[in-house]
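# Results of the structural survey
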Amino acid sequence: MKRSRWFAVMLLLWIPCRAEDLFDIKPVADGVYAAIAKPAYKVNCNAAVILLDDGVLVVDTHSKPSAARGLIEQIKKLTDKPVKYVVNTHFHWDHYQGNQAYPSSWPAGVEIISSEATRASIEQRGIPRIRHQIVVLPQEIAQLRADLEKATDPKQKEELRSNLAQAEDYLAELKSMQVVLPSLTFDHSLVLHRKSRTVDILWLGKAHTDGDVFVFLPKEKVLVTGDALHGWTPFMADSYPYEWIQTLDAAEKLDFDQVIGGHGDVMQGRQKFELWKGYFGDLLSQVAEAYAQGATEEEAQKRVSASLVPKYSRDFGPEYPKAVTGNIAKAYQVIAQR
């Protein structure tokens, strides 16, 4: 595609998506797109859409098959090529639960790729978490109904109605969903060599989970990071905080200009890498100091929050003051076990 034509495509696509669309499609290079998830009650992750010579590679499949089908319809507006490869960056629900939409849309064959650790985690932890959601979601739905009955503000009522409908639809979908496991796994790296581009699929170490993979396009200088790096506050419940810093160091050494994270907008350069590594370093050192002084987990949460919230709220956004307490708890537990 000539450069002028590519810029014309960018101008056509870089517009807000229609109300029924779940993703904003943003071109980041010739034949490479970020599918940025719109806000939803049951969150969807971002995806990367990479056009190959004879097909398409998609990174991550969101929280449910209907969301994946929504992206599939948007992909079909970009190309008539079939999706041949899907990558699951890790085992969290909002990144793999839409897997079944792809083989059902292209029965001729879709290879679902992940690290070996991610496939094992989907089996051992992901599937039980789906069953857990099915058990607890009716309580959440009942609470939403109760909140709606008590609400008087029209804007709040409209939001609660939307959330209630989304929660009910999500529960129904979970009950009928088929978990499709990755069909192709690797330990450290898998490389797709095509005439038009090379795609490096890399496990660089433990981070957000034990199986996070990065998808790297060396020619286009684009890096896809899943939840190992994104535009929101880091979620640390299943993480390996000390190793996470080392893994980000390894990823940062790759030659990239743009980053498609698991949530938030497309990122430029390495600033977010430095932010996250600095945050993890501050978090771990301050929690370790509180632990060494005999603080309980609750005491450490209060003490360390008082230091970290003023420093990082501007960078991580309004959700950070609430999220940081969970991150401190995780760091405390990791330090106590070392």
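Look above for the structure.
We now turn to the structure provided with this report. (Residues numbered from 1 in each chain as written. Predicted model: local features only at pLDDT ≥ 70, side-chain atom pairs only at ≥ 80, totals over all residues. Heavy atoms only, no water.)

### With respect to the overall build of the protein
The condition is simple: For helices the rule is a DSSP run of H or I covering at least 4 residues; for strands it is a run of E covering at least 2, with both sets numbered from the N terminus onward. Each radius of gyration is computed over the set of C-alpha atoms, and the globule rule expresses the reference value as 2.2 Å times the number of residues to the power 0.38. Using a 1.4 Å probe on the protein chains alone, a residue whose accessible area is under 20% of its type maximum counts as buried, one over 50% counts as exposed, and one in between counts as partly exposed. Whether two residues touch is decided by their heavy atoms; if any such pair falls within 4.5 Å, the residues are in contact. For the area figures, the Shrake-Rupley method with a 1.4 Å probe applies, and any residue is considered shielded solely by the protein chains shown. Positive charges come from Lys and Arg, negative ones from Asp and Glu, while His and the chain ends are left out of the count. For the purpose of locating charges, the reference atoms are NZ of Lys, CZ of Arg, CG of Asp and CD of Glu.
When helices and strands are tallied, the protein shows 10 helices and 13 strands. For the protein, the C-alpha radius of gyration of 21 Å lies close to 20 Å, the compact-globule estimate for 338 residues. When the backbone C-alpha atoms are referred to their principal axes, the protein occupies close to 60 × 50 × 40 Å. Expressed as a percentage of its 338 residues, the buried residues of the protein come to 51%. The long-range fraction of contacts in the protein, counting pairs at least 24 apart against all pairs at least 6 apart in sequence, stands at 67%. When the accessible surface of the protein is totalled, it reaches about 15,800 Å², and 53% of it is carbon and sulfur. Averaging the locations of the 40 positively and 43 negatively charged side chains of the protein gives two centres separated by 3 Å.

### Some words on the packing of helix α5 (residues 116–150) against helix α6 (residues 154–176)
Operational definition: Fitting a line to C-alpha atoms yields each axis, with helices limited to the stretch in contact; the angle taken between N-to-C directions then spans 0 to 180 degrees. Any angle between 65 and 115 degrees counts as roughly perpendicular, while under 35 counts as roughly parallel, over 145 as roughly antiparallel, and the rest as oblique. Each crossing gets its handedness from the near helix: less than a right angle anticlockwise from the far helix is left-handed, clockwise is right-handed. Side-chain classes follow a simple rule in which Ala, Val, Leu, Ile, Met, Phe, Trp, Tyr, Cys and Pro form the nonpolar group, Asp, Glu, Lys and Arg form the charged group, and the remainder, Gly included, forms the polar group.
It is at 9 Å that the axes of α5 and α6 come closest, and there the two elements cross at 155°. If you check the angle between α5 and α6, you find them roughly antiparallel. Taken as a pair, α5 and α6 cross one another with a handedness that is left-handed. Where α5 approaches α6, its residues I130, Q133, I134, L137, P138, I141, L144, R145, D147 and L148 are matched on the opposing element by K157, L160, R161, N163, L164, A167, E168, Y170, L171, L174 and K175. Within the contact of α5 with α6, the residues separate by chemical class into 13 nonpolar, 2 polar and 6 charged.

### A word on the side chain of N44
Selection criterion: Two N or O atoms count as a polar contact when they lie within 3.5 Å, although within protein this holds only if one can serve as hydrogen donor and the other as acceptor, and sequence-adjacent residues are included solely when both atoms are side-chain atoms.
Within the secondary structure, N44 is located in the loop between β2 (32–37) and β3 (47–51). Here the side chain of N44 touches S63 through a polar contact of 2.8 Å, side chain to side chain. Residues contacting N44, with those up to four places away along its chain left out, are F23, A37, H62, S63, K64, A67 and H263.

### A few points about the packing of aromatic side chains
Just so we agree on the cut-off: Between the rings of Phe, Tyr and Trp (Trp by its six-membered ring), a pair exists once the centres lie within 6.5 Å; its type follows the angle of the planes, with under 30 degrees stacked, over 60 edge-to-face, and the other angles tilted. Should the NZ of a Lys or the CZ of an Arg lie within 6 Å of a ring centre and within 35 degrees of the ring normal, that charge is described as sitting over the ring.
Applying the stated criterion to the full structure yields 13 aromatic pairs. Measuring from ring centre to ring centre gives 5.8 Å for W244 and W276, while their planes differ by 75°; the resulting arrangement is edge-to-face. With W244 in helix α7 (residues 241–252) and W276 in helix α8 (residues 271–292), this residue pair connects regions lying 32 residues apart in the sequence. W276 shares its class with W244; the two are buried. Three or more aromatic residues joined by ring pairs make a cluster, and in this case those are W244, W276, Y279, F280, Y312, F316 and Y320. A cation over a ring is seen here: K76 above W106, with NZ or CZ 5.6 Å from the ring centre.

### Here we look at helix α2 (residues 65–76)
One turn of the α-helix equals 3.6 residues, which is why residues spaced by three or four share an orientation. Put simply, the test is: The span you would expect from a helix comes to 1.5 Å times its residue count less one.
Between its terminal C-alpha atoms α2 stretches 16 Å, which fits the 16 Å expected from 12 residues at 1.5 Å a residue. Of all the residues in α2, the buried ones are P65, A67, A68, L71, I72, Q74 and I75.

### Considerations on the environment of V135
Relative to the assigned elements, V135 resides in helix α5. Sequence separation between V135 and L171 is 36 residues; the distance between their C-alpha atoms is 9.5 Å.

### Some thoughts on unusual backbone geometry
A positive phi angle is found at D60, which is not glycine, with a value near 75°. Of note, D60 is situated in the loop between β4 (56–59) and α2.

### Some words on helix α9 (residues 297–316)
For the record, the criterion: Bending is quantified residue by residue as the angle between axes fitted to the seven-residue window ending at that residue and the seven-residue window starting at it.
Taking 1.5 Å per residue as the helical rise, α9 with its 20 residues ought to reach 28 Å, whereas the 23 Å between its terminal C-alpha atoms falls clearly short. The largest bend along α9 measures about 50° and falls at V309, with the proline P310 one to four residues further on. Regarding α9, the residues found buried are A300, Q301, V304, S305, L308, Y312 and F316. Elements that come into contact with the buried residues of α9 comprise α8 and α10 (320–337). Following α9 by one or two positions, G317 adopts a phi angle in the positive range, close to 100°.

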